[in-house]
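# A structural walkthrough
The lines below spell out each chain.
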Amino acid sequence: MSDESARAGRFGRASLVLGRREGWAAALCQYTGRVGALHSPAALAVVEGALAFAEERDVDDVREFENLWSAIGVWGQFPSEYVTLPDLGEASNTVLAHIQQLLEQLAPQELREVAVGLSAEQHIVGMALEDVEEAASGGPEFRGGAMAEFAQRMLLNDDRIGDAVDVLVWEAPGDWPSLQRRALVLTLVWEIAALVGYAAELAAAEARPAELLWQAAGTRHLCAGVRVPVPGPAVLVWASIDEEEFEGRPLFSQAAQLGVWRWSLGWQRTDGTRVHYKAGRGPTRAATRWRAERAVQDLLANAYRAKSPMSGDRLLPRTENPPA
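In this text the structure is predicted, and so the values were computed from the model without any measurement.

### A few points about the overall build of the protein chain
If you tally the helices and strands in the protein chain, you get ten helices and five strands. Buried residues in the protein chain amount to 43% of all 324 residues. Here the contacts in the protein chain between residues at least 6 apart in sequence split such that 66% fall between residues at least 24 apart. Here the protein chain displays about 17100 Å² of accessible surface, and carbon together with sulfur accounts for 51% of that area.

If you want it as structure tokens, here you go:
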């Protein structure tokens, strides 16, 4: 571990990607595509406050904070006997509550600045508003009726929620109704918690994965091949990264558009056909590349155990005495 990592505390190894500790908030926002936050002192201050608070929590494994990715639509939802919500864990719940406190202390204009900087998404604010309304009314309302009536109610509710969310755009921050402000706060709690989750993911890695020699076919596709270090004929593992269509849009027009990238990992059979092994997504090309390279590193470390979950194909043939 580097001296910088050692000084940085529980999330120390994140410095291998994010750099010096004092610049983590900005580096993390850049890494996850929240580039508008780089010009928002309020957004960076809240992100830094969340990171610093999480670092002080007593957890056995920093990966517990990856539970924060599951907070959206869960944390802040009114408890119901009809819905079982996942347990995020005590440490994650404590971090979420602290982030909420940080946001509630902001002046209305600062809250808007944070929402613009972090590219708060319109449909996520709508989800949060429904949760806030349910909590304010004491829980969800269940009504019977035919499926056609239910579908019509859902459409009318979607329109109503959309109009209510638009109030945040058209009204001055100081004039926002209480429910809409609380919904925006909840949205940003989820968003900032996810950033802490990304920091935890980086911190959980023992070392920075070896960089692959990526070949770019245009701006939306990357691919790389790496030889599996075993005796005999060459066995190649292939990794690829592709930009996907992203349907979400920021609530505020001044905010940067977010995106999503997909990585995939596999190899070729002797007849040249592809074998799928593993895949995932990331918010930026840099984050997705890191995840792909880490997956390659993990695969090569356990090459004799690697097996496609879809086809059952093994990367390497079974052997009675695989290398230790």
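### Describing the environment of Glu-244
Among the secondary structure elements, Glu-244 is positioned in strand β3 (residues 236-244). Among the residues examined, Glu-244 registers a relative accessible area of 23% and is labelled partly exposed. Sequence separation between Glu-244 and Arg-220 is 24 residues, and the spatial gap between their C-alpha atoms is 8.3 Å. Not counting residues up to four positions away in its chain, the partners in contact with Glu-244 are Arg-220, Val-260, Trp-261, Arg-262 and Arg-281. Separated by 2.8 Å, the side chains of Glu-244 and Arg-281 make a polar contact.

### What to know about helix α10 (residues 285-301)
The end-to-end C-alpha separation of α10 is 24 Å, in line with the 24 Å expected for 17 residues at 1.5 Å each. Every buried residue of α10 is listed here: Ala-287, Thr-288, Trp-290, Arg-291, Ala-292, Glu-293, Ala-295, Val-296 and Leu-299.

### What about the nonpolar core?
Among the nonpolar cores identified, the biggest contains 70 residues, and Phe-11, Phe-65, Leu-103, Leu-118, Leu-184 and Leu-188 are the most heavily contacted of them. Contributing elements (two or more residues each) for this core: α3 (24-31), α4 (41-55), α5 (90-104), α6 (108-117), α7 (122-137), α8 (147-170), α9 (178-204) and α10. When residues in this core are grouped by element, the largest group, 17 residues, is from α9. Discounting residues that sit within four places of it in the chain, Leu-188 has contacts with Leu-103, Leu-111, Val-114, Ala-115, Leu-118 and Ala-120.

### Section: the sheet that holds strand β5 (residues 274-282)
Within the open sheet, the five strands sit side by side as β1-β2-β3-β4-β5. Their pairing is antiparallel. Edge positions in the sheet fall to β1 (215-216) and β5, since each has one partner strand and no second. With two bridges joining them, β1 and strand β2 (residues 221-227) adopt antiparallel strand pairing. Along β2, the bridge assignment pairs Gln-215 with Cys-223.

### Side note on the packing of α6 against α9
Close contact between α6 and α9 brings their axes to 11 Å; oriented N to C, the two are set at 40 degrees. The angle between α6 and α9 falls in the class oblique. Crossing of α6 against α9: the hand is left-handed. Contacts from Pro-108, Leu-111, Val-114 and Ala-115 of α6 reach α9 at Arg-181, Leu-184, Val-185 and Leu-188. Partitioning the contact of α6 with α9 into residue classes produces seven nonpolar, no polar and one charged.

### Here we look at the pairing of β2
Of the two faces of β2, the one holding Leu-222, Ala-224 and Val-226 is buried and the one holding His-221, Cys-223, Gly-225 and Arg-227 is not buried anywhere. Hairpin connection, β1 to β2: the antiparallel pair is bridged by four residues, and Gly-218 has positive phi, about 85 degrees. Here β2 pairs with β3 via seven bridges, running antiparallel. Its bridge partner lying in β3, Gly-225 is registered against Trp-238.

### As for the pattern of salt bridges
Tallied over the full model, the rule gives 16 salt bridges. A salt bridge links Arg-63 to Asp-61; the shortest N-O distance between them is 2.7 Å. For Arg-63, a relative accessible area of 45% translates into the label partly exposed. The salt bridge involving Glu-211 is made with Arg-208; its shortest N-O contact spans 3.9 Å.

### Topic: the confidence of the model for the protein chain
The share of residues in the protein chain with pLDDT of 70 or more is 89%, and the mean pLDDT across the chain is 88. In the model of the protein chain, helix α1 (residues 3-7) stands out as the element of lowest mean pLDDT, 46, in contrast to α6, which has the highest, 98. For the stretch residues 1-7, pLDDT sits under 50, and the model shows eleven contacts to residues farther than four places along the chain or on other chains.

### Observations regarding α5
Given a rise of 1.5 Å per residue, 15 residues ought to cover 21 Å, and the 21 Å separating the end C-alpha atoms of α5 matches this to within 8%. Regarding α5, the residues found buried are Ala-91, Ser-92, Val-95, Leu-96, His-98, Ile-99 and Leu-103. Projected down its long axis, α5 carries its buried residues within an arc of 165 degrees, all on one side. Elements in contact with the buried residues of α5: α4, α6 and α9.

Conventions we followed
- Residues numbered from 1 in each chain as written.
- Predicted model: local features only at pLDDT ≥ 70, side-chain atom pairs only at ≥ 80, totals over all residues.
- Heavy atoms only, no water.
- Helix = DSSP H or I, 4+ residues; strand = E, 2+ residues; numbered from the N terminus.
- Buried < 20%, exposed > 50% of the residue type's maximum accessible area, 1.4 Å probe, protein only.
- Contact = heavy atoms within 4.5 Å.
- Areas by Shrake-Rupley, 256 points an atom, 1.4 Å probe, with all protein chains shown as cover.
- Polar contact = N/O pair within 3.5 Å; in protein donor to acceptor, adjacent residues only side chain to side chain.
- Expected span 1.5 Å × (residues − 1).
- Core = buried A, V, L, I, M, F, W, Y, C linked by side-chain atoms within 4.5 Å.
- Pairing = 2+ DSSP bridges.
- Axes fitted to C-alpha atoms, helices over the stretch in contact; angles between N-to-C directions.
- Parallel < 35°, antiparallel > 145°, perpendicular 65-115°, else oblique.
- Left-handed = near helix turned anticlockwise from the far one by under 90°.
- Nonpolar A, V, L, I, M, F, W, Y, C, P; charged D, E, K, R; others polar.
- Salt bridge = Lys/Arg side-chain N within 4 Å of Asp/Glu carboxyl O.
- pLDDT = per-residue confidence, 0-100.
- Arc of directions from axis to C-beta.

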